Amino acid sequence: MACIFCQIIKKEIPAQIVYEDEEILAFKDIQPKAKIHLLIIPKKHFVSLNKVRKKDKEILGKLLWQAKLLAKEFKISDSGYKIVINSGKDAGQVVEHLHLHLLGGEELKNFPI
Ligand code: AMP
Ligand code: ZN
């Protein structure tokens, strides 16, 4: 079974896409944990941050930069936001395709960090 985020990239399953370019896709999380909850992903499949090699490291800066721009677009730059990357079992990573969570739009009380 193909990776669910790769299927979203290929438009094989629907998502509420909020940004797309050649390397990056961003869409609304299907089970939002905050009023604003976006996922920002590379189009290239990496199982987790662990699997990003040196030759691909520029994508990490691009993902973070896009998160910053989306925070502005979704009007949470001033009120505040969190960017989270879950990696592996102890972090509770469920989808094995690298993704940044961008969370905001309300006070983020239920996040321990
Ligand atoms: P993580 O626990 O970091 O792996 O987070 C995976 C996130 O992907 C969760 O917040 C899910 O709600 C979200 N998710 C799973 N499937 C979809 C989907 N088809 N469309 C949008 N978000 C999804
Ligand atoms: Zn994938």
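All chains use their own residue numbering, which begins from 1 and follows the written sequence. The lettering of chains begins at A and the numbering of ligands begins at 1, in the order of writing. Only residues with pLDDT of 70 or above have their local features reported here, since the model is predicted, and side-chain atom pairs are shown and tallied only from 80 upward, although totals for entire chains, interfaces and linings are computed over all residues. Excluded from the side-chain calculation are hydrogens and water; included are all heavy atoms of the structure.

## Quick word on the site of ligand 1
Then step 1. Throughout, the term near means that a residue has one or more heavy atoms lying within 4 Å of the molecule or strand in question. As a structural note, the neighbourhood of ligand 1 is formed by 18 residues, with Asp29, Asn86, Val94, His99 and His101 the closest of them.
Then step 2. Polar contact criterion, stated in full: a pair of N or O atoms within 3.5 Å, where within protein one must be able to donate a hydrogen and the other to accept it, and residues adjacent in sequence count only if both atoms are side-chain atoms. A distance of 2.8 Å is found between an oxygen atom of ligand 1 and a side-chain nitrogen or oxygen belonging to His101.
Then step 3. Note that accessible areas follow from Shrake-Rupley with a 1.4 Å probe, and for residues the cover is restricted to the protein chains shown. Protein contact buries 87% of the 510 Å² of open area that ligand 1 shows by itself.
Then step 4. Of all the cavities here, the one that holds ligand 1 is the largest pocket.
Then step 5. In this text, helices come from DSSP runs of H or I with a minimum length of four residues, and strands from runs of E with a minimum of two, each type numbered from the N-terminal end. For the shell around ligand 1, the secondary structure elements donating two or more residues are α1 (4-9), β2 (24-28) and β3 (36-42).
Then step 6. Considering every element that reaches the shell around ligand 1, the biggest residue donor is α1, with 3 residues.
Then step 7. In the shell around ligand 1, the residues fall into 8 nonpolar, 7 polar and 3 charged. Within this scheme a cavity is a closed region of a 1 Å grid, computed over the protein atoms alone, that accommodates a 1.4 Å probe without allowing it to escape, whereas a pocket is open but has protein on both sides within 12 Å along at least five of seven lines; lining residues each have an atom within 4 Å of a point. In this scheme, a molecule is assigned to a cavity or pocket if more than half of its atoms are within 2 Å of the grid points. Gly is placed with the polar residues, together with every amino acid not listed as nonpolar (Ala, Val, Leu, Ile, Met, Phe, Trp, Tyr, Cys and Pro) or charged (Asp, Glu, Lys and Arg).

## Observations regarding the layout of surface pockets
Empty space among the atoms becomes apparent when a probe as large as a water molecule is rolled across them.
Then step 1. A volume near 740 Å³ is recorded for the largest pocket.
Then step 2. Taken together, 30 residues form the lining of the largest pocket, with Asp29, Lys33, His37, Leu39 and His101 sitting closest to its centre.
Then step 3. Classifying every residue of the lining of the largest pocket by side-chain character gives 18 nonpolar, 8 polar and 4 charged. Grid points are joined across faces, edges and corners, and a volume is the space filled by probe spheres set on the points.

## What to know about the coordination of the zinc ion (ligand 2)
Then step 1. For Na, K and Ca the donor cut-off is 3.2 Å; for every other metal, N, O and S atoms count as donors within 2.8 Å. Water does not enter the count, which can leave sites looking incomplete. In this structure, Cys3 (SG), Cys6 (SG), His45 (ND1) and His97 (ND1) serve as the protein donors to the zinc ion (ligand 2), at separations of 2.0 to 2.3 Å.
Then step 2. Four donors are marked tetrahedral only if all angles between them lie between 85 and 135 degrees, whereas four are marked square planar and six octahedral if opposite donors are more than 155 degrees apart and the other angles lie between 65 and 115; the remainder are marked irregular. Here the zinc ion (ligand 2) binds 4 donor atoms, and the angle range of 101 to 120° at the metal identifies the geometry as tetrahedral.
Then step 3. Donor residues for the zinc ion (ligand 2) sit on one chain with the sequence pattern C-x2-C-x38-H-x51-H. Placement of Cys3 in the segment before α1 and of His45 in the loop between β3 and α2 (58-73) is noted, with a sequence separation of 42 residues between them.
Then step 4. With a 1.4 Å probe rolled over the protein chains alone, any residue whose accessible area is under 20% of its type maximum counts as buried; one over 50% counts as exposed, and the rest are partly exposed. In this structure His45 comes out as partly exposed when scored by relative accessible area, which is 36%.

## A few points about the environment of Gln93
Then step 1. Tracing the sequence through the fold places Gln93 in the loop between β4 (81-84) and β5 (100-104).
Then step 2. Note: C-alpha distance between Gln93 and Asp29 (64 residues apart in sequence) is 14 Å.
Then step 3. Beyond its immediate stretch of four places on either side in the chain, Gln93 contacts Val47, Ser48, Asn86, Ser87, Gly88 and His99.
Then step 4. At a separation of 2.9 Å, a polar atom in the side chain of Gln93 contacts the main-chain carbonyl oxygen of Val47.
Then step 5. At 2.8 Å, the side chain of Gln93 forms a polar contact with the backbone nitrogen of Gly88. Residue contacts are defined here by distance: any two heavy atoms, one from each residue, within 4.5 Å place the two residues in contact.

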